[in-house]
Amino acid sequence: MTTPEAEKPKTAEATPAAVFVRPEIMTKRSDFLAAAQGRRMALAGFHLQARFRDDGSDAVRVGFTCSKKVGNAVARNRAKRRLREIARLVLPTCARPGWDYVLVGRRDATAAADFAQMQSDLKAALGKIHK
RNA sequence: GCGGAUGGCUGGAUGACCGCGGGCCCUUCGGGGCGCGAGGAAAGUCCGGACUCCAAGAAGGCAAGGGUGCCGGGUAACGCCCGGCGGGGGCAACCCCAGGGAAAGCGCCACAGAGAUCAGACGGCCGUGCUUGCACGGUCACGGUGAAAAGGUGGGGUAAGAGCCCACCGCGGGACUGGUAACAGGACCGGCAAGGCAAGCCCCACCCGGAGCAAUGCCGAAUAGGGGCCUCGCGCGGGCGUGAUCGGAGCGGCAACGCGCCCGAUAUCCCCGCAAGGACGCCUGAACCCGAGAGGCCCGGGUUGGCAGCUGGAGGCGCGGUGGUAACAUCGCGCCUAGACGAAUGGUCAUCCAAGGGGGCAACCCCGGGACAGAAUCCGGCUUACAGGCCAUCCGCGCAA
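Predicted model, so just to flag it, every value in this text is computed and none were measured. (Residues numbered from 1 in each chain as written. Chains lettered and ligands numbered in written order. Predicted model: local features only at pLDDT ≥ 70, side-chain atom pairs only at ≥ 80, totals over all residues. Heavy atoms only, no water.)

All right, on to the packing of aromatic side chains then. Summed over the entire model, instances satisfying the criterion amount to two aromatic pairs. A centroid spacing of 5.7 Å and a plane angle of 45° characterise the contact between Phe52 and Trp99, whose relative ring orientation is tilted. With Phe52 in strand β3 (residues 46-52) and Trp99 in strand β5 (residues 99-105), this pair connects stretches of sequence that are 47 residues apart. By relative accessible area, Trp99 is classed as buried at 9%. A centroid spacing of 6.3 Å and a plane angle of 15° characterise the contact between Trp99 and Tyr101, whose relative ring orientation is stacked. (Phe/Tyr/Trp six-rings, centres within 6.5 Å; stacked < 30°, edge-to-face > 60°. Helix = DSSP H or I, 4+ residues; strand = E, 2+ residues; numbered from the N terminus. Buried < 20%, exposed > 50% of the residue type's maximum accessible area, 1.4 Å probe, protein only.)

Okay, here's the thing in structure tokens:
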């Protein structure tokens, strides 16, 4: 399952902290609760929560939260899919090993925000939250 | 053409790049290829089932509780569907109805009014008496109140009136006729009986055991470090004597409860050469597991992971035939269409298409943007939400012929 997608690292040297590993998907409720106790940052299209697990593992894990506050089932699914897509595009180059990240959807904003803007927001936010 | 009624369909299209979840095939285990992947409501979880477990021999009866409620048919079943009946609405097509019982019983019916279910005499009318405007009696044709005042119209009749009598209408009963039935018609009889609410309780008929896929089965993990008492076996094995049972004090345990050095009391005598410690194994057998034979009760503690169930079914769809007014049944041929579990079915971009807005005589141009909504064991229904578009049949009006 953990398949290193290390093909053609064009910009790998520019960000030494990057890991070219597909993030694992978090499924345990306790992991989500722990991440919510970590660092958090609010952005236009979503919220970002992050936590350094400090358990010796280098794995990067990511989870998505879209509660009923986001809307009905259709709205929640759409928000989660867009979050999943920007995570898929951004995390392999900007995540740090050993960290958990949780992206939280916001009502209307997550579905309506500009997709390119959300990608760059996530990159910038990851840079800040690691400090 | 305008307005309306009913039934049904659709509910963005194409392409590019990057992805996701199952399946099948190949693999040098890095991966690669092929194909499939949301809805008419997937929704609400309101009914009915399939399936699984539990309980109870099967099945039935009774009680409680719940549901259904014109008749006939359809269906696996239904509170669903179809066809009728009755009542109501509409010019009509057509639509709506919680539509059993009010002579089993209880309860309720405000206000107004003289009187509201044992009906009733306020005014008025009539009679008698006298103190000439009052008393007693008769009367509901008239007035007034009300949703409703013991049917309506006309005539006779009377002191005045009244189904008091008569005709017609209405009402009640009803032989008989038609219909499977609901029901419809109705000779004839009765001067005419007392209302409504059963979505207030209730009565009657019929239906319903409980829990649900987090069902259920298998395998792990974890806690504990092998908890206690009572009852009952089978095979192998073979029988404890410093023993057994009861009581006391004592000791142990969070507890349920246990232990047996010591003391006292009581009854009994099976087996035995040794191994011998009452250990081990098997059968039967769980409503989560530890739990190790089974069952019951109690004490303490622990898990929420994997696989199966999981999608082929009272199947669906298309075409055609047969029976039926129809729902539907049945036959033939062909095709097969999601199975996830923090839960895939997507992200971005481009070009079109329809609704909407603006400009223009027009062709056309610009803006703009996609209804309700996301499977979770599976079916049959119902209900609710839904931008816009399309089709068929029918009705009314108008115009033309």
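Moving on, there is more to tell.
Okay, the nonpolar core next. Soluble globular proteins tend to pack their nonpolar side chains together in the buried interior. The biggest cluster of nonpolar side chains holds 24 residues, and the ones touching the most others in it are Phe46, Leu48, Leu83, Tyr101, Leu103 and Leu122. When contributions to this core are tallied by element, the ones reaching two or more residues are β3, β4 (61-65), α2 (73-94), β5 and α4 (115-129). Take this core: its biggest share by element is six residues, from α2. Setting aside its immediate chain neighbours within four residues, Leu48 contacts Arg39, Arg40, Met41, Leu43, Val102, Leu103, Leu122, Ala125, Leu126 and Ile129. (Core = buried A, V, L, I, M, F, W, Y, C linked by side-chain atoms within 4.5 Å. Contact = heavy atoms within 4.5 Å.)

Moving on, we get to the packing of α2 against α4. As a packed pair, α2 and α4 sit with axes 10 Å apart at the nearest point and diverge in direction by 45°. Judged by the angle between their axes, α2 and α4 are oblique. The handedness of the crossing between α2 and α4 is right-handed. Together, Arg82, Leu83, Glu85, Ile86, Ala87, Leu89, Val90, Leu91 and Cys94 of α2 and Phe115, Met118, Gln119, Leu122, Lys123 and Leu126 of α4 make up the contact between the two elements. Looking at the contact of α2 with α4 residue by residue, the class counts come to eleven nonpolar, one polar and three charged. (Axes fitted to C-alpha atoms, helices over the stretch in contact; angles between N-to-C directions. Parallel < 35°, antiparallel > 145°, perpendicular 65-115°, else oblique. Left-handed = near helix turned anticlockwise from the far one by under 90°. Nonpolar A, V, L, I, M, F, W, Y, C, P; charged D, E, K, R; others polar.)

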